[in-house]
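# Commentary on secondary and tertiary structure
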Amino acid sequence: MLHAPVPATRPAPAARLDAPARLRGGFALCAGAALVLAGCGGSGDGGSGDPLAPQVGNANACTVTAGANGAAVVVGSGLAGDPSAPEPASGYRVGKTAVRANSFMVSTANPLASKAGCEVLRAGGSAADAAVAVQMVLGLTEPQSSGIGGGAFMLHYDATSKRVQAYDGRETAPAAATADYLRWVSDTDRSLPQPGGARASGRSIGTPGAVRMLELAWKDHGTKPWSALFTPAITTASNGFPISGRLADAIAGGASGLKRDAEATAYFFNADGSPKALGTVLRNPAYANTLSAIAAGGADAFYTGTIAQAIVDKIRITSGGTPAVAITPGLTTLADLSGYQAKRREAVCTTYRANWVCGMPPPSSGGIAVASALGILENFDLSAEKPTGNLAEGGRPTVRAVHLVSEAERLAYADRDKYVADTDFTPLPGGSWNSMLNKPYLQSRARTISETRSMGTAQAGAIGRNAQGVSLVEERGTTHFTIVDSRGNAVAMTTTVEAGMGSYHFTNGFILNNQLTDFSATATDSTGAPIANSVQPGKRPRSSMAPTLVFRKADDGSLGDFHMGTGSPGGSTIIQYVTKTLVGALDWGLNAQQATSLMDFGAANSATTNLGGEHPLLNTANNGNNDPLVTGLRALGHTVSLAAQSSGTSTVIRVRDTAATGGSYLQGGADPRREGIVLGDSPQ
Ligand code: GLU
């Protein structure tokens, strides 16, 4: 056994990991927290000695209302209306409506994670505090999508300093990685990594970044003791939780990969080898032990010592399964783990009409690509293209809207494919994203859009450097959450193990990512030109993740009030999901749920234009030939794909309303294509 057993009660905060010094003593917990009713003069932990004791007077905060009488139901209670009660995964749940709260809100893709975050906020914790609690629960209840064995990007807004800070917790390639690390076993054995390529081998596993990044963000913006933030996940891991529909699908769908790993087999499968089914109560004492160690010892307990050793040992495993198959080991060392650094980076903030839109800089291409698409769209009047029909599901976008947005995205993807990679290794043209996002350049890109014919495949703009960055695979092992705390701070965080169930390597109760497959497997293109997103030691693979924070433009043109946070999983289509949600909210005035529910549409840089076939307002019968949106796009030369889209958008909007308490309220939406819910201090 690697660690001390899970404490029966909340672990005492380790002295060096107590609340950041500048916030000790309680003052900062009270400042600006209009709804905090108790404990503000005491310890800073609510006065009860319990750092997560509720401070909000609204007894129904962090509950959902259910049933004909609108009764408050506690998430995880198992009572009728409990949104964490397992249901079969479905493509789209109709009828979701925006949730309203007074001062704090959390939207995640999992009810138990939303609850954990909401309880931290209710206790007066900050958005950064809540992010830690949310991530630790997601790693348990939605392990197919994110966890401590993966990486993440966070955008944080500090309402006091009015600053946006980007945090980079992207995985890194090990020091021993070569340009062909993913491509073949070695220079002398030029066969594919086993089994079946890099993804399920040790080669795909990047040094995890989520824990170090969360610690960094918490040191900057946390108010609660670090250790307390692990309590909800430790308790749930120890007591168990029922397997949700999506997790059941992920276990069954990933069975062949997971069964190559003895620890994953013991956890996810019954003794007879069948996958644990929907509703089965899953307990994860190994994860509880891991979290207890990180709670007590900080991120160092993950990046050094027995957990780090177990990660390295697992990455270096050479066979697995019954009968055993060969697994190509990765070359990660303890030094890769102990040397991992999360980074503070400058957010990509550009104006879009009356707003500032801030996104994630490289190594993600998400912020640049979304800003590029919006900057091109700014040259068209989209407000005239408001969706029609039942706005409860976001409505039906018009042909012209889908055409213009898709064309703008084609141009944006062409540029990001060519120019964006980890800027610590491959600078952007001109040394800054401004070369790709300045208004004259994007106007010139907009002029290449025809109103009557799709361009099919776009060419990258001639900005300077000639380097491409094609990725091997981009799949669905990601999740996004958005949080606003009672002081007005906001977090948008997208977090990932890359593909569903990552590399299928599992240790100490968590999945290890396969993020390195986001690199290009080759260092040069067919013409011999260097590829920006090639593998290099210590480099971070290019991402598409696009956590986004939106602000109103102040009268003097500077960054004004917080308006919105959003983001989504979805591999390279994240850029389309986020752009759609932003256009829905900012151009069409859709509320947080409508913009989230709105049909997923858009295009990467190919002739194919996506219309989410899972959406109830799209008629996919007869190959879409009965739906005028589909036929209208085909008439403009689009090759329309009606494949179901699997966005997982979580959106929070601050609605200005002079009649509401404090002049505004929060409005949240969770993607009807996933299992998430929005919680907050909802008015009752
Ligand atoms: N690995 C992808 C990225 O960083 C995300 C994968 C997903 O969304 O499922 O862009």
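Scoring rules and cut-offs
Residues numbered from 1 in each chain as written. Predicted model: local features only at pLDDT ≥ 70, side-chain atom pairs only at ≥ 80, totals over all residues. Heavy atoms only, no water. Helix = DSSP H or I, 4+ residues; strand = E, 2+ residues; numbered from the N terminus. Buried < 20%, exposed > 50% of the residue type's maximum accessible area, 1.4 Å probe, protein only. Contact = heavy atoms within 4.5 Å. Areas by Shrake-Rupley, 256 points an atom, 1.4 Å probe, with all protein chains shown as cover. Disulfide = S-S within 2.5 Å. Pairing = 2+ DSSP bridges. Axes fitted to C-alpha atoms, helices over the stretch in contact; angles between N-to-C directions. pLDDT = per-residue confidence, 0-100. 1 Å grid on protein atoms, 1.4 Å probe; cavity = no way out; pocket = protein on both sides within 12 Å on 5 of 7 lines; lining within 4 Å. Points joined across faces, edges and corners; volume = space filled by probe spheres on them. Nonpolar A, V, L, I, M, F, W, Y, C, P; charged D, E, K, R; others polar. Phe/Tyr/Trp six-rings, centres within 6.5 Å; stacked < 30°, edge-to-face > 60°. Salt bridge = Lys/Arg side-chain N within 4 Å of Asp/Glu carboxyl O. Polar contact = N/O pair within 3.5 Å; in protein donor to acceptor, adjacent residues only side chain to side chain.

We now examine the overall build of the chain. A count of helical and extended segments in the chain gives 19 helices and 25 strands. Among the 684 residues that make up the chain, the fraction classed as buried is 63%. Contacts in the chain between residues at least 24 apart in sequence constitute 73% of all its contacts with a sequence separation of at least 6. Accessible surface, the chain as shown: approximately 22200 Å² in total, 54% of it carbon and sulfur.

Looking now at the state of the cysteines. Applying the stated criterion across every chain yields a total of two disulfides. Covalently, cysteine 62 is tied to cysteine 118 through a disulfide, its sulfur atoms 2.1 Å apart. With the S-S bond torsion at -85°, the cross-link from cysteine 62 to cysteine 118 turns out left-handed. Remark: cysteine 118 occurs in helix α2 (residues 111–122) and cysteine 62 occurs in the loop between α1 (27–30) and β1 (63–66); sequence separation between them is 56 residues. For the pair cysteine 62 and cysteine 118, a shared accessibility class is recorded, and that class is buried. There is a disulfide in this structure between cysteine 349 and cysteine 358, and the S-S distance comes to 2.1 Å. Note on the cysteine 349 and cysteine 358 pair: the S-S dihedral is about 115°, so by sign convention the disulfide is right-handed. When sorted by exposure, cysteine 349 lands in the same class as cysteine 358, which is buried.

On to the environment of alanine 458, then. Tracing the sequence through the fold places alanine 458 in the loop between α16 (439–446) and β14 (477–484). Judged by relative accessible area, which is 7%, alanine 458 ranks as buried. Considered as a pair, alanine 458 and glutamate 409 are 49 residues apart in the sequence and their alpha carbons are 9.3 Å apart. Leave out the neighbours within four places in its chain, and alanine 458 touches Arg410, Leu411, Ala414 and Asn605.

Let us look at the sheet that holds strand β3 (residues 99–101). Read from one edge of the open sheet, seven strands run β3-β24-β23-β19-β18-β13-β12, paired in antiparallel fashion. The sheet is open, and its two edges are formed by β3 and β12 (348–352), each paired on a single side. The average undirected angle you get between the axes of adjacent strands in this sheet is 30°. Across five bridges, the pairing between β12 and strand β13 (residues 355–359) is antiparallel.

This part takes up the confidence of the model for the chain. On average, residues of the chain score 90 in pLDDT, and 90% of them reach the 70 mark or higher. The low-confidence segment residues 18–47 (pLDDT under 50) makes 58 contacts with residues lying over four places distant or belonging to another chain. Confidence drops under a pLDDT of 50 for residues 466–475, and excluding neighbours within four residues, the segment shows 45 contacts in the predicted structure.

What follows covers empty space enclosed by the protein. Evaluated as defined, the whole model comprises three cavities of 30 Å³ or more. Put simply, the second largest cavity is a space of about 40 Å³. What lines the second largest cavity is simply Val348, Val357, Cys358, Gly359, Gly366, Gly367, Val370, Ala371, Ala546 and Thr548. Contributions of two or more residues to the lining of the second largest cavity are made by β13 and α13 (366–377). Looking at the lining of the second largest cavity element by element, the count peaks at four residues for α13. Residue composition of the lining of the second largest cavity, by class: six nonpolar, four polar and no charged.

Let us now look at the packing of aromatic side chains. By the definition in use, this model includes eleven aromatic pairs. Ring centres 6.4 Å apart and planes at 20° place the aromatic pair tyrosine 157 and phenylalanine 562 in the stacked group. Of this pair, tyrosine 157 sits in strand β5 (residues 151–158) while phenylalanine 562 sits in strand β19 (residues 559–566), placing them 405 residues apart in sequence. Phenylalanine 562 sits in the buried class, given a relative accessible area of 4%. Pairwise contacts between aromatic rings join Phe302, Tyr303, Tyr340 and Phe510 into one cluster.

Let us look at unusual backbone geometry. A cis amide bond, omega 0°, links glutamine 194 with the succeeding residue proline 195. Tracing the chain through its elements places proline 195 in the loop between β6 (163–169) and α4 (210–221). Backbone torsion omega between proline 362 and proline 363 reads 20°, so that peptide bond is classified as cis. Turning to its location among the elements, proline 363 is positioned in the loop between β13 and α13. Although it is not a glycine, lysine 162 sits at a positive phi angle of roughly 60°.

A separate point is the sheet that holds strand β21 (residues 608–611). Strand order in the open sheet formed by three strands is β20-β21-β22, and the pairing between neighbours is mixed. The open sheet terminates on both sides in strands that have one partner only, identified here as β20 (601–602) and β22 (639–641). Relative to β22, β21 is paired through three bridges, and the arrangement is parallel. From the neighbouring strand, threonine 609 faces β22, where its bridge partner is valine 640.

Counted as a void, the largest pocket has a volume near 750 Å³. Every residue lining the largest pocket is counted, 37 residues in all, and those nearest its centre are Val64, Pro83, Lys96, Gly676 and Ile677. Among the residues forming the lining of the largest pocket, the class breakdown is 16 nonpolar, 15 polar and six charged. By volume, the second largest pocket is sized at about 540 Å³.

Moving on, we come to the pattern of salt bridges. Oppositely charged side chains are able to pair whenever their charged atoms sit close together. Counted by the stated rule, this structure contains 26 salt bridges. We note a salt bridge from arginine 416 to aspartate 417, for which the minimum N-O separation is 2.8 Å. In this structure arginine 416 comes out as buried when scored by relative accessible area, which is 4%. Put simply, Asp168, Lys343, Arg345, Asp424 and Arg540 are held in one network by salt bridges that share partners.

Now for the pairing of β6. β6 sits mainly inside the fold: six of its seven residues count as buried. The loop that links β5 with its antiparallel partner β6 comprises four residues; one of these, lysine 162, has a positive phi angle of about 60°. Sheet analysis places β6 next to strand β11 (residues 343–345), joined by three bridges and oriented antiparallel. From the neighbouring strand, tyrosine 167 faces β11, where its bridge partner is arginine 344.

Next up on the list: the side chain of lysine 314. If you trace the backbone, lysine 314 turns up in helix α11 (residues 305–315). The exposure class assigned to lysine 314 is buried, which follows from its relative accessible area of 9%. Polar side-chain contacts of lysine 314 include one of 2.8 Å to the side chain of aspartate 261. The residues touching lysine 314, leaving out its near neighbours within four places in the chain, are Asp261, Glu263, His505, Phe506, Thr507 and Leu512.

With that settled, the discussion passes to helix α6 (residues 245–253). Along α6, the residues classified as buried are Gly245, Leu247, Ala248, Ala250 and Ile251. On the buried face of α6, the contacting elements are α3 (127–141), β7 (241–242), α7 (255–258), α8 (262–268) and β8 (281–282).

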